[in-house]
Amino acid sequence: CSETLHLDIFKSCEATITLCQNVNNIFDFLNTRNFLSKAPYKRPLRKANEDTIINFIHSSIKYLQNLYCIPPGKDENIIPIVKSTRKTGFIGLIITLKSIENLFNDTIKTEDLNFLLTYKLSQDHLEMFFSAIRTRGGFNNNPTALQFESAYKRLLVHTEIMTSSGANCIAMDLTKILSVTSRTKQKSDNLNVYVDMLCAEVTDDDLNLTTYIEGTTTQQTVVADIVEYIAGFIVRKLEKKIICED
(Lines give C-alpha, C1' and ligand atoms only; values in the text may rest on other atoms or scores of the structure.)
Protein backbone atom coordinates (compact mmCIF):
# COMPACT_ATOMS: atom_id res chain seq x y z
CA CYS A 1 0.00 0.00 0.00
CA SER A 2 2.83 2.42 0.77
CA GLU A 3 5.07 1.52 -2.19
CA THR A 4 2.58 0.55 -4.89
CA LEU A 5 -0.58 2.49 -4.09
CA HIS A 6 1.28 5.35 -2.35
CA LEU A 7 -1.41 5.83 0.26
CA ASP A 8 -0.65 8.56 2.77
CA ILE A 9 -2.06 6.54 5.64
CA PHE A 10 0.66 3.90 5.14
CA LYS A 11 3.63 6.26 4.98
CA SER A 12 6.58 5.50 7.29
CA CYS A 13 5.21 2.10 8.24
CA GLU A 14 8.37 0.11 7.39
CA ALA A 15 9.21 -0.46 11.05
CA THR A 16 5.74 -1.85 11.72
CA ILE A 17 6.02 -4.15 8.71
CA THR A 18 9.37 -5.44 9.97
CA LEU A 19 7.93 -6.01 13.45
CA CYS A 20 4.99 -8.00 12.08
CA GLN A 21 7.23 -10.12 9.86
CA ASN A 22 9.75 -10.89 12.60
CA VAL A 23 7.15 -11.74 15.22
CA ASN A 24 5.28 -13.90 12.70
CA ASN A 25 8.49 -15.79 11.90
CA ILE A 26 9.20 -16.29 15.60
CA PHE A 27 5.73 -17.74 16.19
CA ASP A 28 6.14 -20.06 13.18
CA PHE A 29 9.51 -21.19 14.54
CA LEU A 30 7.99 -21.93 17.95
CA ASN A 31 5.05 -23.87 16.47
CA THR A 32 6.66 -26.29 14.02
CA ARG A 33 4.49 -29.39 13.83
CA ASN A 34 4.83 -30.72 10.27
CA PHE A 35 7.75 -33.09 9.79
CA LEU A 36 7.68 -32.64 5.99
CA SER A 37 7.30 -28.87 5.91
CA LYS A 38 9.62 -26.99 3.55
CA ALA A 39 8.80 -23.50 4.80
CA PRO A 40 11.91 -21.74 6.17
CA TYR A 41 10.53 -21.22 9.68
CA LYS A 42 8.15 -24.19 9.90
CA ARG A 43 10.64 -26.98 9.31
CA PRO A 44 11.57 -29.38 12.13
CA LEU A 45 14.76 -28.63 14.04
CA ARG A 46 17.55 -30.85 12.72
CA LYS A 47 21.28 -31.01 13.12
CA ALA A 48 21.66 -30.43 9.38
CA ASN A 49 20.26 -26.89 9.65
CA GLU A 50 22.01 -26.02 12.91
CA ASP A 51 23.60 -22.80 11.61
CA THR A 52 20.29 -21.48 10.30
CA ILE A 53 18.52 -22.24 13.58
CA ILE A 54 21.15 -20.68 15.83
CA ASN A 55 21.46 -17.58 13.65
CA PHE A 56 17.70 -17.09 13.61
CA ILE A 57 17.46 -17.43 17.39
CA HIS A 58 20.26 -14.95 18.04
CA SER A 59 19.01 -12.42 15.48
CA SER A 60 15.45 -12.64 16.84
CA ILE A 61 16.60 -12.13 20.43
CA LYS A 62 18.73 -9.16 19.39
CA TYR A 63 15.81 -7.63 17.50
CA LEU A 64 13.45 -7.97 20.47
CA GLN A 65 16.01 -6.50 22.85
CA ASN A 66 16.52 -3.48 20.57
CA LEU A 67 12.84 -2.55 20.40
CA TYR A 68 12.00 0.78 22.05
CA CYS A 69 8.75 2.38 23.10
CA ILE A 70 7.47 5.61 24.63
CA PRO A 71 6.30 5.08 28.23
CA PRO A 72 2.72 6.15 28.98
CA GLY A 73 2.53 9.79 30.00
CA LYS A 74 5.89 10.72 28.43
CA ASP A 75 6.26 12.30 25.02
CA GLU A 76 10.02 12.36 24.46
CA ASN A 77 12.03 9.78 26.38
CA ILE A 78 12.06 6.28 24.94
CA ILE A 79 13.13 3.14 26.78
CA PRO A 80 13.76 -0.48 25.72
CA ILE A 81 10.49 -2.33 25.55
CA VAL A 82 11.95 -5.14 27.68
CA LYS A 83 12.22 -2.60 30.52
CA SER A 84 8.80 -1.04 30.06
CA THR A 85 5.48 -1.98 31.60
CA ARG A 86 4.70 -3.92 28.40
CA LYS A 87 7.73 -6.17 28.69
CA THR A 88 5.99 -9.44 29.61
CA GLY A 89 5.31 -10.80 26.13
CA PHE A 90 8.68 -9.80 24.70
CA ILE A 91 10.67 -11.20 27.62
CA GLY A 92 8.62 -14.38 27.30
CA LEU A 93 9.60 -14.75 23.64
CA ILE A 94 13.27 -14.18 24.48
CA ILE A 95 13.20 -16.79 27.25
CA THR A 96 11.43 -19.27 24.98
CA LEU A 97 13.95 -18.78 22.17
CA LYS A 98 16.85 -19.29 24.58
CA SER A 99 15.17 -22.41 25.95
CA ILE A 100 14.78 -23.83 22.43
CA GLU A 101 18.47 -23.17 21.79
CA ASN A 102 19.46 -25.00 24.99
CA LEU A 103 17.11 -27.86 24.17
CA PHE A 104 18.56 -28.07 20.67
CA ASN A 105 22.09 -28.28 22.09
CA ASP A 106 21.10 -30.93 24.64
CA THR A 107 19.06 -33.20 22.36
CA ILE A 108 19.72 -32.59 18.67
CA LYS A 109 23.44 -31.83 18.73
CA THR A 110 24.06 -34.81 21.01
CA GLU A 111 21.97 -36.94 18.59
CA ASP A 112 19.62 -38.08 21.34
CA LEU A 113 16.84 -36.99 18.98
CA ASN A 114 16.86 -36.90 15.20
CA PHE A 115 14.59 -33.87 15.02
CA LEU A 116 12.39 -31.69 17.19
CA LEU A 117 8.93 -30.26 16.58
CA THR A 118 8.51 -27.22 18.81
CA TYR A 119 4.71 -27.45 18.84
CA LYS A 120 5.08 -30.55 21.02
CA LEU A 121 6.43 -28.23 23.73
CA SER A 122 3.43 -25.93 23.57
CA GLN A 123 1.19 -25.46 26.59
CA ASP A 124 -1.89 -25.66 24.40
CA HIS A 125 -2.44 -29.27 25.42
CA LEU A 126 -2.38 -28.33 29.10
CA GLU A 127 -4.76 -25.46 28.42
CA MET A 128 -7.12 -27.82 26.59
CA PHE A 129 -6.98 -30.16 29.58
CA PHE A 130 -7.94 -27.31 31.91
CA SER A 131 -10.71 -26.32 29.51
CA ALA A 132 -12.09 -29.86 29.59
CA ILE A 133 -11.99 -29.82 33.40
CA ARG A 134 -13.87 -26.52 33.48
CA THR A 135 -16.56 -27.75 31.11
CA ARG A 136 -17.34 -30.59 33.52
CA GLY A 137 -18.11 -28.05 36.22
CA GLY A 138 -20.48 -25.86 34.27
CA PHE A 139 -19.85 -22.23 35.15
CA ASN A 140 -17.57 -23.13 38.08
CA ASN A 141 -14.03 -21.93 37.27
CA ASN A 142 -12.69 -22.75 40.73
CA PRO A 143 -13.54 -26.41 41.47
CA THR A 144 -12.83 -28.04 44.79
CA ALA A 145 -10.54 -31.05 45.09
CA LEU A 146 -13.55 -33.38 45.10
CA GLN A 147 -15.04 -31.73 42.02
CA PHE A 148 -11.70 -31.93 40.20
CA GLU A 149 -11.38 -35.62 41.07
CA SER A 150 -14.87 -36.29 39.76
CA ALA A 151 -14.20 -34.39 36.50
CA TYR A 152 -10.87 -36.18 36.05
CA LYS A 153 -12.52 -39.59 36.43
CA ARG A 154 -15.19 -38.65 33.90
CA LEU A 155 -12.49 -37.67 31.41
CA LEU A 156 -10.74 -40.99 31.97
CA VAL A 157 -13.94 -42.86 31.19
CA HIS A 158 -14.27 -40.99 27.89
CA THR A 159 -10.63 -41.98 27.15
CA GLU A 160 -9.81 -38.80 25.24
CA ILE A 161 -10.04 -35.08 25.89
CA MET A 162 -11.98 -33.01 23.39
CA THR A 163 -12.30 -29.25 23.57
CA SER A 164 -15.03 -26.97 22.33
CA SER A 165 -14.57 -24.53 19.47
CA GLY A 166 -14.91 -21.64 21.92
CA ALA A 167 -12.00 -22.69 24.14
CA ASN A 168 -8.82 -20.66 24.53
CA CYS A 169 -6.83 -23.24 22.54
CA ILE A 170 -7.70 -25.71 19.82
CA ALA A 171 -5.87 -28.87 18.82
CA MET A 172 -3.51 -28.41 15.87
CA ASP A 173 -2.43 -32.05 15.57
CA LEU A 174 -3.38 -35.54 16.78
CA THR A 175 -1.42 -35.47 20.03
CA LYS A 176 -3.25 -37.44 22.72
CA ILE A 177 -3.72 -35.53 25.95
CA LEU A 178 -5.28 -38.16 28.20
CA SER A 179 -6.17 -41.72 27.34
CA VAL A 180 -6.43 -45.09 29.05
CA THR A 181 -6.82 -48.66 27.90
CA SER A 182 -8.13 -51.82 29.51
CA ARG A 183 -5.76 -54.03 27.54
CA THR A 184 -2.92 -55.82 29.29
CA LYS A 185 0.41 -54.42 28.17
CA GLN A 186 2.95 -56.95 26.99
CA LYS A 187 6.56 -56.16 27.67
CA SER A 188 9.28 -57.51 25.41
CA ASP A 189 12.82 -57.41 26.77
CA ASN A 190 14.33 -58.30 23.40
CA LEU A 191 12.55 -55.52 21.54
CA ASN A 192 14.91 -52.70 20.69
CA VAL A 193 12.89 -49.87 19.18
CA TYR A 194 14.17 -46.31 19.04
CA VAL A 195 11.31 -43.98 19.85
CA ASP A 196 11.45 -40.24 19.38
CA MET A 197 9.38 -39.28 22.42
CA LEU A 198 8.54 -35.83 21.07
CA CYS A 199 7.45 -36.99 17.64
CA ALA A 200 6.17 -40.57 17.67
CA GLU A 201 4.87 -43.30 19.89
CA VAL A 202 4.72 -47.09 19.81
CA THR A 203 1.32 -48.68 20.40
CA ASP A 204 0.51 -52.06 21.85
CA ASP A 205 -0.41 -53.31 18.38
CA ASP A 206 3.06 -52.41 17.09
CA LEU A 207 4.71 -54.26 19.96
CA ASN A 208 2.52 -57.33 19.52
CA LEU A 209 3.12 -57.41 15.75
CA THR A 210 6.88 -57.06 16.15
CA THR A 211 6.98 -59.76 18.82
CA TYR A 212 4.94 -62.08 16.60
CA ILE A 213 7.22 -61.57 13.61
CA GLU A 214 10.36 -62.09 15.68
CA GLY A 215 8.94 -65.29 17.16
CA THR A 216 7.93 -66.85 13.86
CA THR A 217 10.11 -69.85 13.03
CA THR A 218 9.25 -69.83 9.32
CA GLN A 219 10.29 -66.23 8.76
CA GLN A 220 13.46 -67.06 6.82
CA THR A 221 11.60 -69.51 4.58
CA VAL A 222 8.91 -66.97 3.78
CA VAL A 223 11.49 -64.30 2.98
CA ALA A 224 13.35 -66.68 0.66
CA ASP A 225 10.13 -67.58 -1.18
CA ILE A 226 9.22 -63.92 -1.61
CA VAL A 227 12.64 -63.07 -3.03
CA GLU A 228 12.46 -66.04 -5.41
CA TYR A 229 8.99 -65.05 -6.61
CA ILE A 230 9.99 -61.42 -7.22
CA ALA A 231 13.14 -62.49 -9.05
CA GLY A 232 11.14 -64.81 -11.31
CA PHE A 233 8.62 -62.08 -12.06
CA ILE A 234 11.41 -59.68 -13.05
CA VAL A 235 13.02 -62.28 -15.31
CA ARG A 236 9.74 -62.95 -17.14
CA LYS A 237 9.23 -59.24 -17.74
CA LEU A 238 12.77 -58.78 -19.00
CA GLU A 239 12.46 -61.70 -21.42
CA LYS A 240 9.65 -59.84 -23.19
CA LYS A 241 11.71 -56.66 -23.53
CA ILE A 242 15.24 -57.93 -24.11
CA ILE A 243 16.04 -60.24 -27.02
CA CYS A 244 19.38 -62.02 -26.73
CA GLU A 245 21.18 -63.11 -29.86
CA ASP A 246 22.32 -66.74 -30.06
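Thresholds, definitions, all that
Residues numbered from 1 in each chain as written. Predicted model: local features only at pLDDT ≥ 70, side-chain atom pairs only at ≥ 80, totals over all residues. Heavy atoms only, no water. Helix = DSSP H or I, 4+ residues; strand = E, 2+ residues; numbered from the N terminus. Buried < 20%, exposed > 50% of the residue type's maximum accessible area, 1.4 Å probe, protein only. Contact = heavy atoms within 4.5 Å. Core = buried A, V, L, I, M, F, W, Y, C linked by side-chain atoms within 4.5 Å. Axes fitted to C-alpha atoms, helices over the stretch in contact; angles between N-to-C directions. Parallel < 35°, antiparallel > 145°, perpendicular 65-115°, else oblique. Left-handed = near helix turned anticlockwise from the far one by under 90°. Nonpolar A, V, L, I, M, F, W, Y, C, P; charged D, E, K, R; others polar.

- Taking an unreviewed UniProt entry as the reference, the chain is identified by name as THAP domain-containing protein 9 belonging to Schizaphis graminum.

## Details of the overall build of the chain
Piece 1. Across its full length, the chain carries 7 helices and 4 strands.
Piece 2. Ordered by position from the N terminus, the helices and strands of the chain form the series α-β-α-β-β-α-β-α-α-α-α.
Piece 3. Buried positions account for 22% of the 246 residues belonging to the chain.
Piece 4. Here the analysis covers contacts within the chain between residues at least 6 apart in sequence; of these, 53% occur between residues at least 24 apart.

## Re the nonpolar core
Piece 1. Formed by 22 residues in total, the largest nonpolar core has its most connected members in I26, F29, L30, L45, I57, L64 and L97.
Piece 2. Taken together, the elements giving at least two residues each to this core come down to α1 (14-29), α2 (50-65) and α3 (88-108).
Piece 3. If we skip the residues at most four places from it in the chain, L30 touches L93, T96, L97, I100, T118 and Y119.

## Describing the packing of α1 against α3
Piece 1. Across the interface, α1 lies against α3 with an axial gap of 11 Å and an inter-helix angle of 45°. On the basis of their axis angle, the class for α1 and α3 is oblique. The handedness of the crossing between α1 and α3 is left-handed. Along its contact with α1, which presents I26, F27 and F29, the element α3 presents L93, L97 and I100.
Piece 2. Each residue belonging to the contact of α1 with α3 can be placed in one class, and the counts come to 6 nonpolar, no polar and no charged.

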